Amino acid sequence: MPRLHPHPLRWLFTLLTIVFLTGAKTATDNWPSFRGPHASGVADGQNLPDRWDGASGENIRWKTRIPGLAHSSPVVWGNRLYITTAISSEGDATFKHGLYGEGDASKDLSIHQWKVYSLDKHSGKVAWERTAYEGVPKEKRHIKSTYANSTPATDGIHIIAFFGSQGLYCYDANGTLLWKRDLGALDLGAYDAPGYEWGTASSPIIYKNWAIVQCDTQKEDFLLAVDIRTGATVWKAERDELPSWGTPTIYSSPKGVELVTNASNFIRGYDPESGKEMWRLGGSSKITAPTPVYFEDLIVVASGRRPEAPIYVIRAGASGDITLGNGLSSNDHIVWSRQQRGPYMPTPLIYGGFLYVLANQGIFDCYELRTGKEIYRQRIAHQGGGFSASPVAADGRIYLTSEDGDIFVVKSGKDFELLSTNRMGERIMATPALSDGRMFARTEHHIFAIGSASISDPGKPPDFNR
């Protein structure tokens, strides 16, 4: 399996480059993987405006076109933003957004280029772009999906990009390919119609010096941890699962560390040092996509495929089989649970002591995190396309991004209040990133930097020519 081993002097040069690019920024300015630090979706201290407009440029600091088609989210470290895409040789590829139940695959099996882009966070200018793979796709994708669904991950030194059957790649901050791994053909499709292929979507995460990926397919199911410096396997945990699309999460507290995965047969907790399973929870949906999230000693895992569509609030530190008995909604390890309330695509949000759950059709629920008490249930009046992106929050505001291209700003807390509806002018499937007073929203064709004018760029108009 080919790997590229960087020269020791290159490591020193790369480290010095990262220090330069990062400057004096703190960890809170970084949004290193899907849903940001710890997959929380929360980054206070942004001071974002309540209103902006993608067409007129109001409170848009810059806008950069990204070729190709992708649902991956941007990630940020220091002064750099990283994004992936897949470019079809047939021209502008498309996807079918909206609320529907079709399971068809796209017919676009033309030659593609899978690319990684690095942008300057402050200007939107492309610093570098690299082609990770070029060829005919090794699997099909759902008509609502893309060939670049997985959000990259970075620690500031390494950028990990996962392109499913096209491989796992690691670049340094200068765009040098450090290593690549071929994980084989990953066939993810409908559990009840294996002939369909929907493509991969689980994103890589970084733990210590390891990159971890979750691959649950029609055939082989596994978690894989590789050395982020070389790509060599650290451990591989075989599983027995249905295809899944959720990103794993590292739960960390003074009591211990757990690697939590969402999947159909079992929600599981692993020892991230060895890949050994620590606990499992049955009773989930046959299709799972949301990412596990946590706060203090509570881990929340949910999924939206009915009839189950559960929300589980799990007490950290469990062991063994913690599946609920018939008719029970809690036990020694499950603090509370609800059926038919879980989200199909969006990952839940924990903020200010509340658990917020956004359904694809726009129903927005708020619960007390520790008790499960329902605080409110509201319907977001969207244009009809529904929601796939996950909620994010900052400074008492929750941002809900619709597929139609509207970003709704909702006041956090026990009283529902819609503060504004902001139109971007393009469809949106990706979850926004928050960093350094900016929201970075990936639309169908562009990356937008949303934020109020600052001392560094007072009144500077957005550059819409890129």
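Our structure is the block above this text.
Below you will find a few notes about this structure. The structure presented is a predicted model; accordingly, all values stated were derived computationally and were not measured.

**A look at the side chain of arginine 438**
In this fold, arginine 438 is placed in strand S32 (residues 438-442). From its side chain, arginine 438 meets the backbone oxygen of serine 452 in a polar contact 3.3 Å long.

**Observations regarding the layout of surface pockets**
Gaps between atoms show up when a probe of the same size as a water molecule is rolled over them. Each pocket or cavity is described by its volume, and for the second largest pocket that value is around 630 Å³. For the second largest pocket, the lining is made up of 31 residues, of which Pro32, Ser33, Gly36, Pro37 and His38 are closest to its centre. Secondary-structure elements contributing two or more residues to the lining of the second largest pocket are strand S6 (153-154), strand S10 (205-207) and strand S14 (249-253). Among the residues making up the lining of the second largest pocket, the classes are represented as 17 nonpolar, eleven polar and three charged.

**Quick word on the sheet that holds strand S5 (residues 126-135)**
Read from one edge to the other, the open sheet built from four strands follows the order S2-S3-S4-S5, with strand pairing classed as antiparallel. Lying at the two open borders of the sheet, with one neighbouring strand each, are strand S2 (75-77) and S5. Averaged over neighbouring strand pairs, the angle between their axes works out to 25 degrees when direction is ignored. Here strand S3 (residues 80-88) runs beside strand S4 (residues 112-120); their pairing, made up of nine bridges, is antiparallel.

**Quick look at unusual backbone geometry**
The step from arginine 306 to proline 307 runs through a cis peptide bond, and the omega angle for that step is 15 degrees. Following the sequence through the fold, proline 307 ends up in the loop between strand S19 (298-302) and strand S20 (311-315). Unlike most non-glycine residues, arginine 35 shows phi in positive territory, near 70 degrees. Looking at where arginine 35 falls in the secondary structure, it is placed in the loop between helix H1 (8-22) and strand S1 (60-65).

**Topic: the sheet that holds S14**
Within the open sheet, the five strands sit side by side as S14-S15-S16-S17-S21. Their pairing is mixed. Pairing within the sheet leaves two strands with one partner each, and these edge strands are S14 and strand S21 (320-321). Two strands pair when backbone bridges link them, and strand S16 (residues 267-270) and strand S17 (residues 277-281) are joined in this way by four bridges, in the antiparallel orientation. Bridging from a neighbouring strand, arginine 268 pairs with arginine 280 of S17.

Definitions and limits used
Residues numbered from 1 in each chain as written. Predicted model: local features only at pLDDT ≥ 70, side-chain atom pairs only at ≥ 80, totals over all residues. Heavy atoms only, no water. Helix = DSSP H or I, 4+ residues; strand = E, 2+ residues; numbered from the N terminus. Polar contact = N/O pair within 3.5 Å; in protein donor to acceptor, adjacent residues only side chain to side chain. 1 Å grid on protein atoms, 1.4 Å probe; cavity = no way out; pocket = protein on both sides within 12 Å on 5 of 7 lines; lining within 4 Å. Points joined across faces, edges and corners; volume = space filled by probe spheres on them. Nonpolar A, V, L, I, M, F, W, Y, C, P; charged D, E, K, R; others polar. Pairing = 2+ DSSP bridges. Axes fitted to C-alpha atoms, helices over the stretch in contact; angles between N-to-C directions.

Geometric descriptors of this kind do not, in isolation, establish any biological role.
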